[in-house]
Amino acid sequence: LLTTSLVEAERPDIFVEGVSMSGLEGTVAGDGPLRDEISEMCRRTGGRVRLVRPVQRLELPGLLSAHQIGVACLEEGWHTTYQMKVAEYQAAGLFPAVQPWSGLAMTAPRLTRTFRTPAELALLLDELAENWASTLDVRRRNREYAFAHHHVRDSRRQFEEILAAI
């Protein structure tokens, strides 16, 4: 699963390419200027990666519960490394797969696995799927971490900081 704004900085293309090279199927939920391009990329996967409309907050639990791995892509060097989607993935019990320059990878590297390229993402997804039972402890620790470190008040503050920097 990738919940995202379909903008260059969020690199949805890495997700689509990585999932299409893996043995898994994936979902991109979002909207933005790259929607047509990402829609075409998804069509070329033959249904292995689907693009759905953005979800409202009340619909998010249903979307999250239909997936096991939450992916967060981010352009290296982007002005912020915080991605609210990662906290959502953690709280919902999904395994977060992120890029090495993301906030989670830098602050709590034992709670995630990282990838740089679509090929690395494909390998990571296949490895997680093959060894899914062994991820249970990390998923539990992620959930505990999310509840201990991410209050809605903190997320709102961080989101305001992101908007102010744009």
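Here's what I pulled together on the structure shown here. (Residues numbered from 1 in each chain as written. Predicted model: local features only at pLDDT ≥ 70, side-chain atom pairs only at ≥ 80, totals over all residues. Heavy atoms only, no water.)

**Some details on the overall build of the protein chain**
Moving on, step 1. Summing up its helical and strand segments, the protein chain has eight helices and six strands in all.
Moving on, step 2. Starting at the N terminus and walking to the C terminus, you meet the elements of the protein chain as β-α-β-α-β-α-β-α-β-α-β-α-α-α.
Moving on, step 3. Here the protein chain has a C-alpha radius of gyration of 15 Å; the compact-globule value for 166 residues is 15 Å, and the two agree.
Moving on, step 4. For the protein chain, the C-alpha atoms occupy an extent of roughly 40 × 40 × 30 Å along the three principal directions. (Helix = DSSP H or I, 4+ residues; strand = E, 2+ residues; numbered from the N terminus. Rg over C-alpha atoms; globule rule 2.2 N^0.38 Å.)

**Brief notes about the packing of helix α4 (residues 84-92) against helix α7 (residues 136-149)**
Moving on, step 1. α7 packs onto α4 with a crossing angle of 125 degrees between their chain directions and a minimal axis gap of 7 Å. Compared by their axis directions, α4 and α7 come out oblique. For the crossing formed where α4 meets α7, the hand is left-handed. When α4 is examined against α7, the residues Ala-87, Gln-90, Ala-91 and Ala-92 are found in contact with a partner set consisting of Asn-142, Arg-143, Tyr-145, Ala-146 and Phe-147.
Moving on, step 2. Class assignment of the residues belonging to the contact of α4 with α7 gives a composition of six nonpolar, two polar and one charged. (Axes fitted to C-alpha atoms, helices over the stretch in contact; angles between N-to-C directions. Parallel < 35°, antiparallel > 145°, perpendicular 65-115°, else oblique. Left-handed = near helix turned anticlockwise from the far one by under 90°. Contact = heavy atoms within 4.5 Å. Nonpolar A, V, L, I, M, F, W, Y, C, P; charged D, E, K, R; others polar.)

**Re the sheet that holds strand β2 (residues 26-31)**
Moving on, step 1. With parallel pairing, the three strands of this open sheet are ordered in space as β1-β2-β3. If you trace the sheet from one side to the other, it starts and ends with β1 (2-5) and β3 (49-52), each paired once. Along the sheet, successive strands turn relative to each other by an average axial angle of 25 degrees, direction set aside.
Moving on, step 2. Bridging between β2 and β3 involves four bridges; their strand directions are parallel. When the bridges of β3 are listed, Ala-29 appears paired with Val-52.
Moving on, step 3. Sheet strands in contact with helix α1 (residues 12-21) are β1, β2 and β3, and its direction is about 165 degrees off that of β2.
Moving on, step 4. Helix α2 (residues 35-43) rests against β2 and β3 of the sheet, and its axis sits at about 150 degrees to β3. (Pairing = 2+ DSSP bridges.)

**Describing the pattern of salt bridges**
Moving on, step 1. Applying the stated rule across the entire model yields nine salt bridges.
Moving on, step 2. Of the charged contacts in the structure, one is a salt bridge between Asp-137 and Arg-141, with a shortest N-O distance of 2.8 Å. Note that Asp-137 and Arg-141 are positioned in helix α7 at a spacing of four residues, about one turn of the helix.
Moving on, step 3. Connected through salt bridges with shared partners, the residues Glu-40, Arg-43 and Arg-44 form a single ionic network. (Salt bridge = Lys/Arg side-chain N within 4 Å of Asp/Glu carboxyl O.)

**Observations concerning the side chain of Gln-90**
Moving on, step 1. By the element assignment, Gln-90 lies in helix α4.
Moving on, step 2. Exposure remark for Gln-90: the relative accessible area of 1% places this residue in the buried category.
Moving on, step 3. Contact partners of Gln-90, with chain neighbours within four places excluded, come to Pro-96, Leu-104, Leu-111, Asn-142, Arg-143, Tyr-145, Ala-146 and His-150. (Buried < 20%, exposed > 50% of the residue type's maximum accessible area, 1.4 Å probe, protein only.)

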